[in-house]
Each structure stands twice: as structure tokens, then as C-alpha cells.
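# Residue-level structure breakdown
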Amino acid sequence: MAGENHSTAGEEKATSRGQSEANRRLKYISLAVLVVQNASLILSIRYVRTLPGDRFFTTSAVVMAEVLKVLTCLLIILLQRRFNVKDTVYFLVDSIVFQYKDTLKLAVPSLIYTLQNNLQYVAISNLPAATFQVTYQLKILTTALFSVLMLRKSLSRVQWVSLLLLFAGVAIVQVQQEGNKEASVSGDSNQNYSVGLVAVVISCLSSGFAGVYFEKILKGSSASVWVRNVQLGIFGTALGMLGLWWNDGAAIARHGFLFGYTEMVWCVIFNQAFGGLLVAVVVKYADNILKGFATSFSIVVSTVMSVYLFGFHVDLLFTAGAGLVIGAVYMYSLPKASSSSSSSSSSSSSSSAAVPRTVGPELEAFLPKSAAKQKGS
């Protein structure tokens, strides 16, 4: 009897050890995915926008990414409905058409996300990738402020200090770039640093507001996060098409919707469309500290790769500013001393529009069966 108890205890210890090892491995995988997604999207957009030859229409790329996101979310909903097409159609019609008032709530964040996606292309086309990556972290500041104003969230003293350091770090980087504008735009007359800076600041403001607004909608509704993304995608596609017609309609009528598309452009679009959804799955295994570390590490990766790919010049002033931003991002992600629940998770993003801010039972389909059983028990 004692031998059996000892054997059972040994098996439980071995199982527990195996689970902790698996969790540790998943955290490392999560870190790698978050870093790669954060850095690769910015670097790839910068790369395709600086290549010689025919340039694709960014408005068409935004629309294509929205369409792919909608199709992906529809496939996930179909998977959750065990590939019952009739049941899925009834569910979507009820959620989107019959509950049209609920659907219309997504018009505002969808408009902002569409604007944000277009502004990101404008900003990255006119700013060095490393400068954009550092400056874009202002979205943490805007998200925090909108969370305090709209969701009545409280920030710890460390978080307020981190936001001040973040602002100071971005300001230092901008002072450094002001003195090196000629180098920062690589001598390309098509690039305008001021336009890029305005675009990234507006993008940060829109990202903060839209993220908090979307979080508020998710908290006040029982709708699936994938249904929410379908609703966002429908509005996003429609609004993106309107922007495409307004900005590039005549040129696209002459050259075609897919003008200038190359394999690298398709990689950018797929990264933008699926990267955010992939991060939503990964975040299930990542805590706030890991997400903050991933963001910080992606800044380092973007800076190093910018030096090799685009001849970006790193001096002491840029290093000091970027270092402050990296430290601030990490400080902001630390849990509060009084409570493990922390602030705006919607600030991590990435990047991109229509990323699920809340990850819940909707992701059970992605979990291994053993993990799902353990969660249910």
C-alpha cells in the first residue's frame, strides 16, 4: 500500500515537472513569436517601401489584409461549429445582421483601425524602422491615458514613472533624428520625415483610443472575440475600399488592384493579417512581463537589423533615448505591488488593427486536448 502511494506521488511529481517544463518551453516560444512578429512587420514594410521599381498601393494592401483577417476568423468560427455550415451561417446572420445595433458599435473602432493601418504605411515609408519602432511605443502612453479616462483604471506609481521615462526617451530620439534628417531618410527625395512623424503620432493616438474602446465593448458583451473581428473586418474592408477609391482610385483603375505586388509584398500583407491573430493565441501563454520584454527586445532587433539593411546610424543620443524607452516598456509591464491584475492589456499589439484584446474560451480550439482537459478539470 505504501509502495503504491509512493509510486503515485512519484508519478504526480514527474507529471508536474513535465508540465512546468512544457510551460517554460511555451513561454520561450511565445517570446520568440512576439519578437519576430513585432520586428518583422516593421522591417518588411520599410524594406518593400524603399525598394526601387513599381510601388504597390498601400490602400490596396490594407484592404487585402482586412479581407484575409475576415476569412481567417470565419474559418475559426466554422471550426468551433464543427464545420456545420448551416449552423455557422445562422449564427453569423443572427450576430451581425439581426443584432445590427451591436454591430454598429464596431463602426467607430473599425474606422480608426483602418486609418491607423494606412498611417503606419505612411509613417514607416518616411521614417527609419528603428525610429518608428521607438516612437510607436507612445501608444503605451496613449492607451494608459485613455484607460484611466474611459475605463477608470488606476495606474501604479511605477507605471506613471515609466510613462514619463517613455515620453522622455521618445523626445530624445526625436531630438537626435532632428539633427540627422538627411541621413534618416537615406537621401530619398520621396521621403519626408515630418510627414512620417505626424503619421506615427496620430497612429499612436488612434491606437490608444481604439484599443480601449474595443476593450470596453468586449467587456460589455458576451459576443465571441472572433465574431467581433468579423464585424470589424466588414467595416474595415468597406472603409478601406472607400479610402482606396478616394486616394488611389484613378491610379488603380489604370494599373489594377494588385499593381506592384511581389512575393515580399504578399509576405507583408500575410504578416499584417495573420500576425495579430497569431499573437492572440501566443498571449495565452505569455504574461505581461514577457510581453513587455518581447516589445523591448523587438526594438533592439529592429535597430540592429536597420543598421545592416538600411545603413541606419546609431549614436549615443539615440542609444540613450531607445534605452529609456526599453526600460520604460519593461517597467510598465511589471505587476502592481498591491494586485497582480494590471493595466491596459490592449496596449500590446501589434500591431495591427483588429487584434483580439481579450483571449478566452474562443482559443480552446487551438489548445492540445490534454491542456483543454486540465483546464476544464
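This write-up is about the structure you can find in this document. Here the structure is a predicted model, which is why all the values come from computation and not from measurement.

It is worth spelling out the overall build of the protein at this point. Across its full length, the protein holds 15 helices and 0 strands. Considering the protein as a whole, with its 377 residues, one finds that 47% of them fall into the buried category. For the protein, the exposed area adds up to about 18,400 Å²; of that, 66% sits on carbon and sulfur atoms.

It is worth spelling out the pattern of salt bridges at this point. For the structure shown, the criterion picks out 4 salt bridges. Across the pair E66 and K69 runs a salt bridge whose closest N-O atoms are separated by 3.5 Å. With E66 and K69 both in helix α2 (residues 58-80) and 3 residues apart, this pair spans about one turn of that helix. Across this residue pair, the class does not change: E66 and K69 are buried. As a salt-bridge pair, D102 and R228 come within 3.1 Å of each other at their nearest N and O atoms. Highlighted residues: D102 in helix α4 (residues 100-104) and R228 in helix α11 (residues 225-255), separated in sequence by 126 residues. Take D102 and R228: they sit in the same class, and that class is buried.

Turning to the environment of L34, a few remarks are in order. Relative to the elements of secondary structure, L34 occurs in helix α1 (residues 2-50). Separated by 256 residues in the primary sequence, L34 and L290 have C-alpha atoms spaced 9.2 Å apart.

Let us now look at the nonpolar core. Among the nonpolar cores identified, the biggest contains 49 residues, and F132, L163 and I269 are the most heavily contacted of them. Beyond its immediate stretch of four places on either side in the chain, F132 contacts I42, Q120, A123, I124, L127 and V200. In terms of nonpolar packing, the next biggest core, distinct from the first, is built from 19 residues, C73, F214, V227 and L277 among them.

Let's shift gears to helix α10 (residues 193-219). An ideal rise of 1.5 Å per residue puts 39 Å on 27 residues; α10 measures up with 39 Å between its terminal C-alpha atoms. Near the N-terminus of α10, the side chain that reaches the backbone nitrogen of S194, with its oxygen 3.0 Å away, is that of N192.

Reading the values: the criteria
Residues numbered from 1 in each chain as written. Predicted model: local features only at pLDDT ≥ 70, side-chain atom pairs only at ≥ 80, totals over all residues. Heavy atoms only, no water. Helix = DSSP H or I, 4+ residues; strand = E, 2+ residues; numbered from the N terminus. Buried < 20%, exposed > 50% of the residue type's maximum accessible area, 1.4 Å probe, protein only. Areas by Shrake-Rupley, 256 points an atom, 1.4 Å probe, with all protein chains shown as cover. Salt bridge = Lys/Arg side-chain N within 4 Å of Asp/Glu carboxyl O. Core = buried A, V, L, I, M, F, W, Y, C linked by side-chain atoms within 4.5 Å. Contact = heavy atoms within 4.5 Å. Expected span 1.5 Å × (residues − 1). Polar contact = N/O pair within 3.5 Å; in protein donor to acceptor, adjacent residues only side chain to side chain.

So, to be careful, I would describe these as geometric facts and stop short of saying anything about function.
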